Amino acid sequence: MYEGPIQDLVDELSRLPGIGPKSAQRLAFHIVKADPREARRLAEAIIQAKERVAFCRECGNVAEGDLCRICRDPGRDPTTLCVVEEPKDVVAMEKAGVLKGRYHVLGGAISPLDGIGPEDLRVKELLDRVEQDGVTEVIVATNPNLEGNATAMYVAALLKPAGIRVTRLASGLPVGGDLEYADEVTLGQALEGRREI
Amino acid sequence: MPLFKDQGIVVRQHKLGEADKIVTILTQGSGKIRAVAKGLRRTKSRFGARLEPFTHVSLLVHRGRGALDTVTQAEILSAHRTVREDLALLTAGEAMLEAVDRVAEEHERNVRLFLLLLSGLRVLDASPADPAAVAESFLLKLLSLSGFHPALTACAVCGNPAAALFSSGQGGAVCDGCAEHGAGPVAPEALSWLAGVARADLADAGGMTPPDAVRREARAMLYGFAEYHLERRMRTLPMLARTPLPAAVVP
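Residue and element names in this part refer to chain B. It is at 8 Å that the axes of helix H5 (residues 188-199) and helix H7 (residues 212-230) come closest, and there the two elements cross at 65°. Taken together, the axes of H5 and H7 are roughly perpendicular relative to one another. Pair H5 / H7 crosses with right-handed handedness. In this structure, H5 uses Glu189, Ala190, Leu191, Trp193 and Leu194 to contact H7, whose residues at the interface are Val214, Arg215, Glu217, Ala218, Met221 and Leu222. Grouping the constituent residues of the contact of H5 with H7 by class yields eight nonpolar, no polar and three charged.

Glancing now at the interface of chain A and chain B. With 28 residues of chain A at the contact, the number on the chain B side is 28 residues. Together, the buried faces of chain A and chain B total about 2200 Å²; carbon and sulfur atoms form 60% of this surface. Looking at the side of chain A facing chain B, the largest losses of area belong to A:Pro112, A:Leu113 and A:Leu146, adding up to 35% of the total buried there. Where chain A touches chain B, the interface holds two salt bridges. Counting every contact that joins chain A to chain B gives four residue pairs in polar contact (both at pLDDT 80 or more). Of all the elements in the fold, those that place two or more residues in the side of chain A that touches chain B are helix H7 (146-159) and helix H8 (184-192) of chain A. Looking at which element gives the most residues to the side of chain A that touches chain B, the answer is H8(A), with six residues. Its residues assigned to classes, the side of chain A that touches chain B shows 14 nonpolar, nine polar and five charged.

On to the environment of A:Ala182. Note that A:Ala182 resides in the loop between strand E6 (165-168) and H8. As a C-alpha pair, A:Ala182 and A:Gly117 span 65 residues in sequence and 32 Å in three-dimensional space. Not counting chain neighbours up to four residues away, the residues in contact with A:Ala182 comprise A:Leu173, A:Leu187 and B:Arg50.

Bringing helix H6 (residues 123-132) of chain A into the picture now. Residue and element names in this part refer to chain A. Turning to H6, its buried residues number three or more, namely Val123, Leu126, Arg129 and Val130. When H6 is viewed along its axis, its buried side chains cluster within an angular range of 120° and face the same direction. Those residues of H6 that are exposed and angled more than 90 degrees off the buried face are Lys124, Glu131 and Gln132. Turning to H6, the residues buried within the fold contact helix H4 (69-72), strand E3 (77-84), strand E4 (101-105), strand E5 (137-140) and H7. Where H6 ends, the next residue or the one after it, Gly134, has phi of about 60°, a positive value.

To continue, consider the nonpolar core. Counting 64 residues, the largest nonpolar core has B:Leu26, B:Val100, B:Leu117, B:Phe138, B:Leu142, B:Leu194 and B:Leu240 as its most contacted members. Domain assignment of the residues forming this core places at least three in each of domain 1 (3-79) and domain 2 (82-242) of chain B. Every residue in contact with B:Phe138, bar those within four places of it in the chain, is listed here: B:Met96, B:Val100, B:Leu116, B:Leu117, B:Gly120 and B:Leu202. The next biggest cluster of nonpolar side chains, apart from the first, holds 18 residues, and it includes A:Val83, A:Val135, A:Ala152 and A:Val155.

Cut-offs and rules
- Residues numbered from 1 in each chain as written.
- Chains lettered and ligands numbered in written order.
- Predicted model: local features only at pLDDT ≥ 70, side-chain atom pairs only at ≥ 80, totals over all residues.
- Heavy atoms only, no water.
- Axes fitted to C-alpha atoms, helices over the stretch in contact; angles between N-to-C directions.
- Helix = DSSP H or I, 4+ residues; strand = E, 2+ residues; numbered from the N terminus.
- Parallel < 35°, antiparallel > 145°, perpendicular 65-115°, else oblique.
- Left-handed = near helix turned anticlockwise from the far one by under 90°.
- Contact = heavy atoms within 4.5 Å.
- Nonpolar A, V, L, I, M, F, W, Y, C, P; charged D, E, K, R; others polar.
- Buried area = accessible area lost by both parts, 1.4 Å probe.
- Salt bridge = Lys/Arg side-chain N within 4 Å of Asp/Glu carboxyl O.
- Polar contact = N/O pair within 3.5 Å; in protein donor to acceptor, adjacent residues only side chain to side chain.
- Buried < 20%, exposed > 50% of the residue type's maximum accessible area, 1.4 Å probe, protein only.
- Arc of directions from axis to C-beta.
- Core = buried A, V, L, I, M, F, W, Y, C linked by side-chain atoms within 4.5 Å.
- Domains from an automatic or database assignment.

Right, dumping it as structure tokens:
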């Protein structure tokens, strides 16, 4: 539709997730109109992200180099591991800022319906780490849905016989939510996991 | 009818966009439907756990113009929580859901299939001794319901009761005279175990564990037969085959 470079840009942008042809067109024209330095910064950031970001050898999180920031930090307790599905979940947990231990990214969750079994996840690496680092507690922070729960049960069944404390993030009412809109399953779990105040 | 009420069982979910999901639901009155649940992945979603797979829900659905409907309200009738909290029950349950998803037609009422799935999940929810046997019995009943009932007690071609070979393509057990290329020999114990779970109530099937060798052979036959006739590789079956089994029950 357009000539040469601008059409190439529109085509490339529209391959990105969630970007349709119209959005791609809008972004392309924004870039063309913008300051050349701004466009160069964007191009540079994309290349750097692709070339320098790798996965951490220890935990599987995104990292710059061999180990990620958290695994490099000697102040983080290596005997507590928090197991999550994706690197995005590490970021979410870090925002909460409560965990003093380290992470282990599985790279997904067990889902028989999608043909994803335990052997497709970084479970073996988890067992190796638990053995080598003298881990005493594993906090399973997989998503509170069907696949996440199945994964949590599987991990617990593997680690419990070795005498390791396996805990699961609590399920319950979201802060700021209304009781009357809570569903029975969530409310039931919130009641079971209630705490003394 | 742009807005309709029905009850259904959530069969599976797919992610859609930023925070939505497409849920596949087997309804009582409209067969399988695929509907968008807006905001389902947000922690403060108004649907919460109501549209998780295995949940039996009462629904208010907005019929879309295309293939997708939209869920506007959902109330839990039964959450089948036990099924979700045990790996063996979950694997058996997912095998049921996958088979149902395969045979159900969109917007085509199939009350018997709905009731079969509901009773299957109820049986699993009561923690049977052998959940995989319940799933295998369920699979046989589902095949019968869909018109693929395997012959297990006599030759599928001529009715000769001395059938000691098995061929998925010919419809089950076959005798020496009728067997075509591809039919393999089977132990009579494996055939009679399959015939037993096919006949039994789903609840009773959960207590019918044969010796390991019989089970292995019966499974190879049943899984092969199911995949042949459902014309698809079933992703849940390899995991179902790996679930640990209880000790054999001597009748």
